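# Chains, contacts and geometry: an overview
Given next are the chains, with one letter for each unit.
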Amino acid sequence: MIKKILIANRGEIAVRIVRACSEMGIKSVAIYSDADRHALHVKKADESYNIGSDPVIGYLNAHNLVNLAVASGCDALHPGYGFLSENPVLAEICAKRDIIFIGPSAEVIQQMGDKIEARKAMIAAGIPVIPGSEHNLESVEEACELAKNIGYPVMLKATNGGGGRGIRRCNSEEELIPNYDRVVSEAGKAFGKPEVFLEKCIVNPKHIEVQILGDRFGNVVHLFERDCSIQRRNQKLIEIAPSPQLSDSQRRYIGDLAVEAAKAVSYVNAGTVEFLLDSDNQFYFMEMNTRLQVEHTITETITGIDIVQEQIRIASGLPLQYKQEDIRHWGYAMEFRINAEDPKNGFLPSFGRITRYYAPGGPGVRTDAAMYSGYVIPPYYDSMCAKLTVWNLTWESVVERGRRALDDMVVYGVKTTIPYYQEILQHKEFRAGTFDTSFVEMHPELTHYVVKPPKDRLAAAISAAIAAHLGL
Ligand code: ADP
Ligand code: ADP
Ligand code: MG
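Residues numbered from 1 in each chain as written. Chains lettered and ligands numbered in written order. Predicted model: local features only at pLDDT ≥ 70, side-chain atom pairs only at ≥ 80, totals over all residues. Heavy atoms only, no water.

## Observations regarding unusual backbone geometry
- Cis geometry marks the peptide bond from Y152 to P153; its omega dihedral reads -5 degrees.
- Positionally, P153 belongs in the loop between α7 (140-150) and β6 (154-158).
- The residue after A241, namely P242, is reached through a cis peptide bond having omega -10 degrees.
- If you trace the backbone, P242 turns up in the loop between β11 (235-241) and α9 (248-264).
- We note that N204 has phi near 45 degrees; this positive angle belongs to a residue other than glycine.
- Within the element layout of this structure, N204 appears in the loop between β8 (196-200) and β9 (206-214).
- Take N204: its relative accessible area is 38%, and that puts it in the partly exposed class. (Helix = DSSP H or I, 4+ residues; strand = E, 2+ residues; numbered from the N terminus. Buried < 20%, exposed > 50% of the residue type's maximum accessible area, 1.4 Å probe, protein only.)

## A word on the site of ligand 1
- Around ligand 1, the structure places 17 residues, and the nearest of them are R291, Q293, E295, R337 and D382.
- Measuring from a nitrogen atom of ligand 1, one finds a backbone N or O atom of G163 at 3.3 Å.
- Here Q293 contributes a side-chain N or O atom positioned 2.7 Å from an oxygen atom of ligand 1.
- For ligand 1, whose free accessible area comes to 550 Å², the fraction covered by protein is 79%.
- Partitioned by chemical class, the residues of the shell around ligand 1 number three nonpolar, seven polar and seven charged. (Near = heavy atom within 4 Å. Polar contact = N/O pair within 3.5 Å; in protein donor to acceptor, adjacent residues only side chain to side chain. Areas by Shrake-Rupley, 256 points an atom, 1.4 Å probe, with all protein chains shown as cover. Nonpolar A, V, L, I, M, F, W, Y, C, P; charged D, E, K, R; others polar.)

## Focus: the site of ligand 2
- Lining the immediate surroundings of ligand 2 are 21 residues, of which K115, G164, H207, Q231 and E287 lie closest.
- Contact between ligand 2 and K157: an oxygen atom at 2.8 Å from a side-chain N or O atom of the residue.
- A total of 550 Å² of accessible area belongs to ligand 2 in isolation, and the protein chains cover 95% of it.
- Breaking the shell around ligand 2 down by element, the ones donating at least two residues are β6, β8, β12 (269-277) and β13 (283-289).
- When its residues are assigned to classes, the shell around ligand 2 shows seven nonpolar, eight polar and six charged.
- Residue-level mapping places the shell around ligand 2 at the junction of two domains, with at least three residues from each of domain 2 (131-200) and domain 3 (206-447). (Domains from an automatic or database assignment.)

## Some words on the side chain of S383
- Turning to its location among the elements, S383 is positioned in the loop between β20 (376-377) and β21 (384-392).
- Here E341 takes part through its side chain, which lies 2.6 Å from a polar atom of the side chain of S383.
- Not counting residues up to four positions away in its chain, the partners in contact with S383 are I338, N339, A340, E341 and F351. (Contact = heavy atoms within 4.5 Å.)

## Focus on the packing of helix α5 (residues 106-113) against helix α6 (residues 115-124)
- Between α5 and α6, the least distance of the axes is 5 Å, while the angle of their chain directions is 100 degrees. In terms of orientation, α5 and α6 fall into the roughly perpendicular class. Of α6, the residues touching α5 (which contributes Q111, M112 and G113) are K115, E117, A118, A121 and M122.
- Residues that form the contact of α5 with α6 fall into these classes: four nonpolar, two polar and two charged. (Axes fitted to C-alpha atoms, helices over the stretch in contact; angles between N-to-C directions. Parallel < 35°, antiparallel > 145°, perpendicular 65-115°, else oblique.)

## Some remarks on the state of the cysteines
- Applying the stated criterion to the full structure yields zero disulfides.
- Just so you know, C74 is unpaired, no disulfide at all, and the nearest cysteine sulfur is the one on C21, 9.2 Å from it.
- You can call C74 buried: its relative accessible area is 8%.
- As a non-bridged cysteine, C94 has C74 as the owner of its nearest cysteine sulfur, 10 Å distant. (Disulfide = S-S within 2.5 Å.)

## Quick look at the packing of helix α12 (residues 395-408) against helix α13 (residues 418-426)
- The interhelical angle for the contact between α12 and α13, taken along N-to-C directions, is 155 degrees, at an axis separation of 10 Å. As judged from the angle between their axes, α12 and α13 are roughly antiparallel. The two elements α12 and α13 cross, and the hand of that crossing is left-handed. Contact residues: α12 offers V399, G402, R403, L406 and D407, while α13 offers I418, Y421, Q422, L425 and Q426.
- Looking at the contact of α12 with α13 residue by residue, the classes come out as five nonpolar, three polar and two charged. (Left-handed = near helix turned anticlockwise from the far one by under 90°.)

## Section: the domain arrangement of the chain
- The domain boundaries assigned to the chain delineate domain 1 (4-102), domain 2 (131-200) and domain 3 (206-447).
- In this structure, domain 2 and domain 3 have C-alpha centres spaced 27 Å apart.
- Listed by partner, the interface residues are seven residues for domain 2 and five residues for domain 3.
- Regarding the contact of domain 2 and domain 3, the summed buried area is about 400 Å², with carbon and sulfur atoms giving 43% of it.
- On inspection of domain 2 and its partner domain 3, the count reaches one residue pair in polar contact (both at pLDDT 80 or more).
- For the side of domain 2 that touches domain 3, a count of residues per class yields two nonpolar, two polar and three charged. (Buried area = accessible area lost by both parts, 1.4 Å probe.)

## Some remarks on the coordination of the magnesium ion (ligand 3)
- For the magnesium ion (ligand 3), the protein coordination sphere consists of E274 (OE) and E287 (OE), at 1.9 to 2.1 Å. Residue E274 is found in strand β12, and its partner E287 is found in strand β13; the two are separated by 13 residues along the sequence.
- Here E287 falls in the buried class, since its relative accessible area comes to 14%. (Donors = N, O, S within 2.8 Å, 3.2 Å for Na, K, Ca; no water.)

## Here's the deal with the environment of A158
- Mapped onto the elements, A158 comes out in strand β6.
- When the C-alpha positions of A158 and I116 are compared, they lie 9.8 Å apart, and in sequence the two are 42 residues distant.
- Leaving out residues up to four positions away in the same chain, A158 has contacts with K115, G166, V183, A187, F191, E195, V196 and F197.

## Comments concerning the sheet that holds strand β1 (residues 4-7)
- An order of β3-β2-β1-β4-β5 is seen for the five strands of this open sheet, with the pairing classed as parallel. For this open sheet the edge positions go to β3 (47-50) and β5 (100-101), each flanked by a neighbour on one side alone.
- As paired strands, β1 and strand β4 (residues 76-78) are joined by three bridges and run parallel to one another. Residue L6 lies in a different strand from β4, and its bridge partner there is L77.
- Of the strands in this sheet, β1, β2 (27-32) and β4 are in contact with helix α1 (residues 11-24), which crosses β1 at around 175 degrees. (Pairing = 2+ DSSP bridges.)

Here is the structure:
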């Protein structure tokens, strides 16, 4: 069994992994850049090591991280999400140095990280895949030719993309031609690889993804689906499990399909198979994420299964402790990504000092945060500073619980997406449980809320003054 884990990440996900370690009696080792010296994950882990003055480079240096894991007596490394989590080189170096990588093999990370290779593997396995390229595009002429065959609108996508970046919808050849160079350049800048491909654009689809777990003995189970259709610019904002938009037979179908997809690539550890559901109720494979996802919390909430602990058990070589028929889901869970952004100003990041933070509480409420009162959010990283997950028995009651918990949550000092989410929860389409990936774009008026003044301004001012005085 694994005894000590280096957490090659930061923020809320590093805190999440520390918690799993602690419950399993495993020691945790945090890493931090100078900018993260006062970060919560550093305070929570058993040990911590500085990885340099640059805010980002240290988190991306696979060799150094594995050296540090060896030097600090770790037997395993957890990559979290983002950073090097889908970089096959890290998994490879770990394998060479006898450090257990908590994730799938380097080969599978490589294969599924390349969306063309992933599509090929799924087509070979008989999984329905969005119609599109069979290989990377060589030129804009080839793109136009293929788009004509597929039919507009089409999606131009970075082959090695992630995080919703490097994706553009093209409604006509006039749009495709200029977008081609743009996406090639975005892909090169964001992912270091300029390859792009085309897919048919599924108009106003629902994003339905399935959480799977596979062990080293070929067993694969699914933990049901998540509906991540509430997105802005292809980035998820609110996620729901199970989807209020699926029938039981659709749920069974998609769960089985995800297990088949995972088995087709001999998948080991936790992973997610993402699908789009079109208006004719047809599911299409979109991509597979070979790591823990941001929104794993809602699946944990409806199934009671701790996915991070399962990841660690699987990586230790243990067989899955659940058969498919042992896995049940109960009620509905909803996650809100609390981003330090100003929805009223184009979702511009709003970094700075959190003068006051109260986590919401009460029944059916979970927070995964990387902040505390007095914490200064550094400007170098993702703007997500917390995740709020709520649970309740029915769809109607989980919406109410979300509203109440968002109201309970106090974050002063920076602007956040909290008031925006309150507006979404009031919207009748959302409340009716019928929405697709166009919801956010179709409702720009939801950012026109009036900001309420804090209920306890004086207390906020005093805690800000104390925090500043202590140099927190
Ligand atoms: P999830 O797939 O878990 O819902 P996101 O797509 O929101 O999560 O990504 C989580 C984090 O990981 C974000 O900070 C995102 O920018 C980053 N990320 C995801 N994929 C990649 C990638 N291929 N390259 C770089 N960063 C990525
Ligand atoms: P990433 O790796 O960045 O997560 P995905 O391929 O998962 O990229 O796509 C992210 C989002 O972009 C999807 O959830 C969906 O909203 C939108 N999208 C991607 N491909 C298509 C498509 N072919 N048709 C319609 N929407 C798409
Ligand atoms: Mg995706």
